[in-house]
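Spelled out, the chains give:
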Amino acid sequence: MARTDLDALTLNALTLEQKASLLSGRDFWTTKPLDEAGIPSITLCDGPHGVRREAGGSDHLGLNESIPATCFPPAAAVGSSWDPEVAARIGAAVGREGRALGVAVVLGPGVNIKRSPLCGRNFEYYSEDPLLSGVLAAAHVAALQAEGPGASVKHFAANNQETDRMRVSADVDERTLREIYFPAFERVVTQARPATVMCSYNRVNGVHASQNRWLLTDVLRREWGFNGVVVSDWGAVQDRVAALAAGLDLEMPGTGGASDRRIVDAVRAGDLDEAVVNASVRRVVALTERHSGVSGAFDADAHHALARELAAECAVLLKNEDGTLPLSAEARIAVIGEFAARPRFQGGGSSHINATRVDAALDAIRALAPDVAYAQGFSLDGSGDARELREAAAEAAASADVAVVFAGLGEREESEGFDRDTIDLPAVQVELIRAVAAAARRTVVVLSNGGVVSLEGWHDDVDAVLEGWLLGQAGGSAVADLLFGVVNPSGRLAESIPMRLKDTPSYLNFPGEAGHVRYGEGVMVGYRYYETVELPVRYPFGHGLSYTTFAVEGLTVTRTGDDRAAVTVRVTNTGDRAGKHVVQVYVSTAAGPVRRPARELRAFTKVSLAPGESRTVTLRLDRRAFAYYDVQLGRWVVAPGDYTIQIGENASSVVAETTIGLGGDSVVPVVSLDSTLGEWLSHPLAGPALLRVLTGGKSKRPEEDDENGLRMASSMPMGRFLTFAGIDIPHATLRELVALGGSDGAAA
Ligand code: BGC
């Protein structure tokens, strides 16, 4: 029987060599066993939207065939479900399959923020918003781990591009890290307790994530209380000893013993404390408790049906003029585009699943409607004559009641490992859509793409657009269910669709140069930027249509204690079909000394309603919903002031709002001789005292003339102001003033 309780085992019985051996892989996917100590080898393998358990050769690029498993919708689709239940059901199913395939840790989910639509791996990430990403990922992790295997939330941190991903330094200010790039990790770590966290390849502000002590130990372990294993991304370790000292426990894949020798040598040379090795060994051994061998089985048919059901929750109905959708089963339908027959349903790279089976939308549509013609429209591999294919498609469209064009990005256009340089659809597809739209009575476009594609150049020519993202192996059937109204669309965009690539906030700073990518847009990522600068987008974050209609009324906001609130609204399905509505709560404020985005998503919930049904929902806003991260104080601060709670139809359309005042934290800045005169004067203790000294004993405000002079000088650091103005304050008085200014008197 495997022995994994290291306290009983007494660490001292292990040699340094044995301990070091536990801290890197045996091979690509497994850890080293220590049979004499009863420590088993465990298997880690990719997820996150399915299990990629390789049977033969190993690689982390998804090149080798793996054992068949269910390919559920990838995160780009799950993000659009806005439903933690969807994420949880996928997590649980992947957990079951992992267990059945003998996997101890299923790598994922990826919670990196979609900073730019160009990131080649956006299909594997949930959203441009940290709350949405974090809530979905935490649900996935908790449900997966409840089935036995552990998860590995990744890639920590600031891994938001593929270009130069193993070297680039993401240069990000701390407030932006804390408010945008960390919260999804923080939520997963604190709420779902993942077995492992995977560090990213890149550097963060110059230091490799794999050897970044601030990241892996100070923030992750000390602040968030993470007590699982930090595992390297595959091949992310640059300096094994520095990485171990920084908090990286397990290096993957193995390095044939080289890293183990380095650890042993460093301890022997006195360069590495053996206590650091012991701490990591304890954590890795605890992880081997996840080892259960192969247990249970999974029901491939049931999981395929689940993949179909969940995929239908994810697609977003972007446009639907004159009730073009749902389609009538009696209509003459022209299905156009090779994706209808050969679906694109997952992304390329390490998450690539060997699906148990794949549904094509064309077959699923034929199963629902008798009169369906098909035209290829374009070829994915560039073969054939584009004009002929287009003309044949337009002909088919002309003799149908409605044309449904399946367009999107092929595997060549986007994948892990590289970024795109355009958000345009391939030109051949744009020409096809326009030709079909010109010939057809009605045109519907169904999109399959991992990263955002531009709708410009054809959007206005078509009647309806269904954004399917990548929907997993049953996506074809799910799309048919949505097109015919078997299921009512309920997805909402988890990322903005811009008008132009040039409009995107990271445009000037992506993917960086000379080894650095500067996150110059700061916290203004995605809708935070578009809403703040009032830049129109094609479709905003949070947008999504339904075949029914909803009314949201009766907004009330109640304070529920210090700097907390409860938001209540009543949602009614005012149409004649069952449907789901996403209540989106944003907070808008200008309070505090930092620039705030126009609004930020702070709570959401998806409500399922029968026709005519109403439901009252209450969402809680905690302190963090109002706070900004104060880098000088090194903590979250709620600034006193007004906060407008907004119910958004999406990020740019507010349907109801109400403003509350919050007392906030009484933060008194600590002032020193380096603080400006203005900062001194606004200090409650030091300010009046200084004024008394400057005005020769009077503590009243100076006369108007003096006041203008003071205002002019207010940005001068105190020390220089005194010299400049020739003011000679005795040393003892100065010391007293500095002492007064040094007491911040801040309420916690
Ligand atoms: C990817 C990870 C993946 C690992 C193992 C890396 O290249 O960045 O996301 O889990 O390979 O395949």
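Along each chain, residues carry numbers from 1 onward, in the same order as the chain's sequence is written. Confidence filtering applies because this is a predicted model: local features only for residues at pLDDT of at least 70, side-chain atom pairs given and counted only at 80 or more, and all residues used for totals across whole chains, interfaces and linings. Hydrogens and waters are ignored; side-chain quantities use all the structure's heavy atoms.

As recorded by an unreviewed UniProt entry, the protein carries the name Exo-alpha-(1->6)-L-arabinopyranosidase and is attributed to Microbispora rosea. UniProt positions are given in the numbering used here, feature names are shortened, and annotations may be inferred rather than shown by experiment. The UniProt entry for the protein carries this comment under Function (unreviewed entry): "Catalyzes the hydrolysis of a non-reducing terminal alpha-L-arabinopyranosidic linkage in ginsenoside Rb2 (alpha-L-arabinopyranosyl-(1->6)-alpha-D-glucopyranosyl) to release alpha-D-glucopyranosyl (Rd). It is not able to hydrolyze alpha-L-arabinofuranosyl-(1->6)-alpha-D-glucopyranosyl (Rc)." Per its UniProt entry, the protein bears the Sequence similarities (unreviewed entry) comment "Belongs to the glycosyl hydrolase 3 family."

A.B. asks: Would you take a moment to explain the site of the ligand for this structure?
C.D. replies: Nearness here has a simple test: a residue counts as near a molecule or strand if at least one of its heavy atoms is within 4 Å of that partner. Among the 15 residues in the neighbourhood of the ligand, the closest are listed as D46, R121, H155, Y201 and D233. Residues adjacent in sequence count toward polar contacts only when both atoms are side-chain atoms; beyond that, a polar contact is any pair of N or O atoms within 3.5 Å, and within protein one must be able to donate a hydrogen and the other to accept it. A distance of 2.7 Å is found between an oxygen atom of the ligand and a side-chain nitrogen or oxygen belonging to R121. The side chain of R165 places a nitrogen or oxygen atom 3.3 Å from an oxygen atom of the ligand. Gly is placed with the polar residues, together with every amino acid not listed as nonpolar (Ala, Val, Leu, Ile, Met, Phe, Trp, Tyr, Cys and Pro) or charged (Asp, Glu, Lys and Arg). Split by residue class, the shell around the ligand holds 5 nonpolar, 3 polar and 7 charged.

A.B. asks: Where do I start with the pattern of salt bridges in this structure?
C.D. replies: Pairs can form between side chains of opposite charge once their charged atoms are near each other. A side-chain nitrogen of Lys or Arg and a carboxyl oxygen of Asp or Glu constitute a salt bridge if their distance falls within 4 Å. Going through the model one piece at a time under the given rule, you end up with 44 salt bridges. Ionic pairing is found between R52 and E54, a salt bridge with its closest N-O pair at 2.8 Å. Across the pair R308 and D481 runs a salt bridge whose closest N-O atoms are separated by 2.9 Å. Pair noted here: R308 is in helix α12 (residues 300-311) and D481 is in helix α17 (residues 475-483), with a separation of 173 residues, a long-range link. Judged by its relative accessible area of 32%, R308 is partly exposed. Helix and strand labels come from DSSP, where a helix needs a run of H or I of at least four residues and a strand needs a run of E of at least two; each type is numbered from the N terminus. Exposed residues in this analysis have more than 50% of their type's maximum accessible area, buried residues have under 20%, and partly exposed residues fall in between, with area computed by a 1.4 Å probe over protein chains only.

A.B. asks: What's the story with the pairing of strand β5 (residues 196-199) in this structure? I'm lost.
C.D. replies: Here is the key point about a regular strand: its side chains alternate between the two faces of the sheet. Side chains T196 and M198 of β5 all project onto a buried face; the interleaved residues V197 and C199 project onto the opposite face, where all are buried too. A strand pair is defined by DSSP finding two or more bridges across the two strands. By the bridge criterion, 3 bridges tie strand β3 (residues 150-156) to β5 in an arrangement that is parallel. Note on β5: the bridge partner recorded for S152 is T196. Here 3 bridges tie β5 to strand β8 (residues 229-231), and the two strands are oriented parallel to one another. Within β8, the residue paired with V197 across the bridge is V230.

A.B. asks: How do you make sense of the domain arrangement of the protein when you look at a structure like this?
C.D. replies: By convention, interface size is frequently given as the accessible area that disappears when the constituent parts associate. For each domain, the first and last residues come from an automatic or database assignment. When the domains of the protein are assigned, the result is domain 1 (301-532), domain 2 (550-662) and domain 3 (677-747). The distance between the C-alpha centroids of domain 1 and domain 3 comes to 63 Å.

A.B. asks: Where do I start with the environment of L244 in this structure?
C.D. replies: Checked against the element boundaries, L244 lands in helix α9 (residues 240-246). Its relative accessible area of 1% is what places L244 among the buried residues. Linking L244 and N212, residues 32 residues apart in sequence, is a C-alpha distance of 9.9 Å. Residues count as neighbours in contact if any of their non-hydrogen atoms are within 4.5 Å of one another. Once residues lying within four places of it in the same chain are set aside, the contact partners of L244 are L23, D249, I263, L272, V276, V277 and S280.

A.B. asks: What's the story with helix α5 (residues 130-146) in this structure? I'm lost.
C.D. replies: For an α-helix, the turn length of 3.6 residues means that residues three or four places apart are oriented alike. The span expected for a helix works out to 1.5 Å for each residue beyond the first. Here α5 spans 24 Å end to end across 17 residues, near enough to the 24 Å set by a 1.5 Å rise per residue. For α5, the N-terminal cap is D129; the gap from its side-chain oxygen to the backbone nitrogen of L131 is 2.9 Å.

A.B. asks: Where do I start with the sheet that holds strand β19 (residues 565-573) in this structure?
C.D. replies: Two pairing modes exist for strands in a sheet, parallel and antiparallel, and in both the strands are linked by backbone hydrogen bonds. Spatially, 3 strands are ordered β18-β19-β22 in an open sheet, and the strand pairing comes out antiparallel. The open sheet is flanked by β18 (550-559) and β22 (614-621), the only strands paired with a single partner. Strand-to-strand twist across the sheet, computed as the mean angle between neighbouring axes with direction ignored, equals 20°. Both β19 and β22 contribute to a ladder of 8 bridges, which runs antiparallel. Residue pairing in the sheet places A565 in a bridge with L621 of β22. Axes, fitted as lines to C-alpha atoms, cover a helix only where it is in contact. Angles between the N-to-C directions of the axes lie from 0 to 180 degrees.

A.B. asks: Which parts of the structure should I look at to understand the UniProt feature "domain: Fibronectin type III-like" (unreviewed entry) in the protein?
C.D. replies: Per the UniProt record, the feature "domain: Fibronectin type III-like" (unreviewed entry) sits at residues 581-651. Secondary structure content for residues 581-651 is 0% helix and 59% strand, and the end C-alpha separation is 15 Å.

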